[in-house]
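# Structure assessment
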Amino acid sequence: MPLRWRLATWWTLLQISIEERLVYRADFALGTLMRFLPIVTQIFLWSAVYSAVSDSHDGQIVGYTYHNMVAYYLLTMVSRAFSSMPGLASGIARDIRDGSIKKYLVQPIDMLGFLLVYRIAHKLVYYAVAAGPLALVFFLCRGFFDGWPDSTTLAAYALSLVLAFLLGFFLEATIGMIGFWFLEVTSLLFVYMLVSFFFSGHMFPIDMLPGIWGTLVRAIPLHYLAYFPAAIFLGKVQGSALVWGLVIQAAWVVLFCILSRVSFWLGTRRYSGYGG
Amino acid sequence: MPVIEVDGLSKTYRVYQKPEGLLASLRGLVRREYRLVEAVRGIRLAVEAGEFVAFLGPNGAGKTTTLKLLSGIITPTAGTARVLGHIPWKREDAYRRRFALVMGQKNQLWWDLPAAESFRLHQHIYRIDPQQFRRTCSQLAEMLDVAHLLQQPVRELSLGERMKMELIAALLHSPEVLFLDEPTIGLDVVAQHRIQSFLRHYQASHGVTILLTSHYMKDVAALCKRVVIIAQGSIIYDGSLSGIIDRFSGQKIISLQMANGQAFDQLDRFGEVLSVEPPRAKLRIRRSDVTQTLARLLSAHAVVDVTVEDPPLEEVIAEVFSHPEEHWGRKVGEAPDLMEDRG
């Protein structure tokens, strides 16, 4: 009985969240499409970089050809479409600061569950808008890929994308909870986004990083947000390394799920109920 | 058995003292000074089922903090509270399904969607039977005259209409205890009146226990038999509204109508002259002096008509708010006779 109610709540919340996202559909569609613009500039950028080094390095930079690099870049875009959480951490911190968080404390709802369903709705609408343009981009750029990977790799890829979504969610939610201790988290978020941009592999493949830097980046969870799913698709992670990779990615999800809950619990205990 | 039982409830905030000036601000980065603010100090209160209690007090007196404690938003520094047998700050779902909090300055509805959508979500969150939900929703919407606005996005509603929707959202699950924090703030007289009469009617028909904070004395006078005055974090009065005057005002207002041609220049011998509009005049005198002063007045002047009244309630309360320390000695608990004032 309680489970049925809970499912009904989540289902209704999902519907209502989708409706809400559709209110400003023109703005949303425009924002989504604008995200495709950097693709062109990135392809030109890598093209210029590779033409400059083509003679001296066999047309490769640390094992990546120009084609590999563009394919990698396009795949990290898909990863980021799952793992990026625009406005999540800052939204939680704002709710804490202006007192809107009271809603979650007074009503019999779980704030993190509520925000997760809301975010799923957000993503679903985003995919619905972005699916067409994204398919077109991949079709036009099909020459950069060496065909489709096998079904096992595809399944692992899909799983890693779902885990990347959950990791992105709980990681940013944990950062947002810092708002209970420091009311203003904008600068902290900026630092996080900057670090994340580099170390998630969005800027360049992290296996390009040499020595200690490569080890360090692999030790922190950020590369599971963009690099790891793309590497699976490109067949760079296989066999037991793939299984272990997914297990560790899932472990990070569990860790940040627990961290976000603990920090919410601790935060509400010291919460002063700001904003009237 | 009381629905709300509060004993020794205290809440102390640690507030950062931001010094003035750039240099001091920079020093504040290294060493911060905090000040402890006792928002609520050892409150004791018992509210029976079906009571409609008003919390009065100046800004920052601790009214809203008390409501936040009772609705479990914040955790107290000391003391105990039980509402419907639950400890509020444990935030058990079983408790959260039985009460509601409405804050006049906070919006809980989905801003861009019609209120009906927020209500639909509430139905599932509070596990309300679909039939009962439809019935309650249409009843409340009709009582508040907003049935035709249910499908309109909340952002397009007026402040008054939005407040009505907030009330519906709060009452859908038929809470047994309702906390109202300034529900009529910023509303025009018509909307205020409408919400007052709705609350009065709803409370009478459902027997719900209500705690209200408001700055509008009209809200309080229209709705609450019992008034609790909080000042500087402590309860300084708990009783009937009219009892406030007996308790805190040691004065009476005498209105006189003089016979024609009477001089008004000597009136200040009898008390503080409030107004002189021949042939009428108003004086404020000490309550203990009423009989004596009247006798002297009547023998010195040709008075056609005289009335003795209490000073206006607002005035008395404003006086209590501005000098609460003078009323410390009258704290509930220290002066048990206060409880007899309850109407």
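Below: a short report on this structure. Within each chain, residues carry numbers counting from 1 in the order of the written sequence. Whichever chain is written first becomes A and whichever ligand is written first becomes 1, with later ones labelled in order. Given that the model is predicted, a residue must reach a pLDDT of at least 70 before its local features are reported, and side-chain atom pairs must reach 80 or more before they are shown or counted; all residues, however, enter totals for whole chains, interfaces and linings. Remark: hydrogens and water are excluded; side-chain values derive from all non-hydrogen atoms of the structure.

### Structural notes on the overall build of chain A
- Under the scheme used here, helices are H or I runs from DSSP no shorter than 4 residues and strands are E runs no shorter than 2 residues, and both carry numbers assigned from the N terminus. Looking only at helices and strands, chain A has 12 helices and 2 strands in total.
- The order of helices and strands in chain A, counted from the N terminus, is α-α-α-β-β-α-α-α-α-α-α-α-α-α.
- Relative to its length of 276 residues, chain A is compact, with a C-alpha radius of gyration of 20 Å against a globular reference of 19 Å.
- Oriented by its inertia axes, the alpha-carbon framework of chain A measures out at about 65 × 40 × 35 Å.
- Here's how the labels work: a residue is buried when its accessible area is under 20% of the maximum for its type, exposed when over 50%, partly exposed in between, all with a 1.4 Å probe on protein chains only. Residue burial in chain A is summarised as follows: out of 276 residues, 48% are buried.
- We call two residues contacting when some pair of their heavy atoms lies within 4.5 Å. Once local pairs closer than 6 in sequence are excluded, the contacts in chain A between residues at least 24 apart make up 80%.
- A 1.4 Å probe and the Shrake-Rupley method give the accessible areas. Residues count as covered only by the protein chains that appear here. When the accessible area of chain A is evaluated, it comes to approximately 13500 Å², of which 72% is carbon and sulfur surface.
- Neither His nor the chain ends contribute to the count of charged residues, in which Lys and Arg are positive and Asp and Glu negative. In plain terms, the charge of a residue is placed at NZ if it is Lys, CZ if Arg, CG if Asp and CD if Glu. Each charge class in chain A can be summarised by its mean position, and for the 18 positive and 13 negative side chains these summaries are 10 Å apart. Our radius of gyration is a C-alpha quantity, and the globule rule it is checked against amounts to 2.2 Å times the number of residues to the power 0.38.

### Topic: helix α6 (residues 159–171) of chain B
- Working rule for helices: expected span equals 1.5 Å times residues minus one. Helix length check: α6(B) (13 residues) gives 18 Å between terminal C-alpha atoms against 18 Å at 1.5 Å per residue, within 8%.
- With respect to burial, α6(B) is a largely interior element, 11 of its 13 residues being buried.

### Quick look at helix α8 (residues 151–177) of chain A
- Here α8(A) spans 39 Å end to end across 27 residues, near enough to the 39 Å set by a 1.5 Å rise per residue.
- N-cap assignment for α8(A): the residue whose side-chain oxygen lies 3.0 Å from the backbone N of Thr152(A) is Asp150(A). In protein, a polar contact requires one atom able to donate a hydrogen and another able to accept it; more generally it is a pair of N or O atoms within 3.5 Å, and residues adjacent in sequence count only if both atoms are side-chain atoms.

### Thoughts on the interface of chain B and chain A
- Across the contact, 31 residues belong to chain B and 34 residues belong to chain A.
- Throughout, the accessible surface (probe 1.4 Å) given up by two parts as they are put together, summed over both, is called the buried area. Where chain B abuts chain A, roughly 3100 Å² becomes buried across the two surfaces, and 59% of that area is made up of carbon and sulfur atoms.
- When the buried surface of chain B facing chain A is broken down by residue, Trp110(B), His124(B) and Arg127(B) rank first, second and third, together holding 21% of it.
- In this structure, Glu19(A) and Arg120(B) form a salt bridge, with 3.6 Å as the shortest nitrogen-oxygen distance.
- Summed over the shared surface of chain B and chain A, the result is 9 residue pairs in polar contact (both at pLDDT 80 or more).
- Of all the elements in the fold, those that place two or more residues in the side of chain B that touches chain A are β1 (4–16), α2 (63–70), α3 (93–96), β5 (99–103) and α4 (115–125) of chain B.
- Among the elements that take part in the side of chain B that touches chain A, α4(B) stands out by supplying 7 residues, more than any other.
- Polarity classes work like this: nonpolar for Ala, Val, Leu, Ile, Met, Phe, Trp, Tyr, Cys and Pro, charged for Asp, Glu, Lys and Arg, and polar for all others, with Gly in that last group. When its residues are assigned to classes, the side of chain B that touches chain A shows 12 nonpolar, 7 polar and 12 charged. Salt bridges are defined by distance alone: a side-chain nitrogen of Lys or Arg within 4 Å of a carboxyl oxygen of Asp or Glu.

### A few points about the packing of aromatic side chains
Residues and elements named next belong to chain A.
- Think of it this way: a Phe, Tyr or Trp ring, Trp meaning its six-membered ring, pairs with another when their centres are within 6.5 Å, and the plane angle makes it stacked under 30 degrees, edge-to-face over 60, tilted otherwise. Going through the model one piece at a time under the given rule, you end up with 26 aromatic pairs over all chains.
- Through a chain of ring-to-ring contacts, the aromatic side chains of Phe-138, Phe-145, Trp-148, Tyr-157 and Phe-233 assemble into a single cluster.
- Just above the ring of Trp-5 sits the side chain of Arg-4; from NZ or CZ to the centre is 5.5 Å.
- Counting as a charge over the ring demands two things of the Lys NZ or Arg CZ atom: a distance within 6 Å of the ring centre and an angle within 35 degrees of the ring normal. Against the face of Tyr-64 rests Lys-236, its NZ or CZ located 4.0 Å from the ring centre.

### Re the sheet that holds strand β11 (residues 272–277) of chain B
Residues and elements named next belong to chain B.
- Paired strands, as defined in this entry, are two strands with at least two bridges between them according to DSSP. Taken in spatial order, the 4 strands make up an open sheet running β11-β12-β10-β13, and their pairing is antiparallel. Strands at the two margins of the open sheet, each flanked by one partner only, are β11 and β13 (303–309). If you compare each strand with its neighbour and ignore which way they point, the axes differ by 20 degrees on average.
- Relative to strand β12 (residues 280–286), β11 runs antiparallel, the two sharing 5 bridges. For Glu-272, the partnering residue across the bridge sits in β12 and is Arg-284. Comment: axis = line fitted to C-alpha atoms, over the contacting stretch for helices; angle = value between 0 and 180 degrees taken between N-to-C directions.

### What about the pairing of strand β3 (residues 52–56) of chain B?
Residues and elements named next belong to chain B.
- Summarising burial for β3: 5 of the 5 residues are buried, a large majority.
- Side chains of β3 alternate between two faces, with Phe-52, Ala-54 and Leu-56 and Val-53 and Phe-55 buried alike.
- By the bridge criterion, 4 bridges tie β3 to strand β7 (residues 209–213) in an arrangement that is parallel. Looking across to β7, one finds that Ala-54 is bridged to Leu-212.

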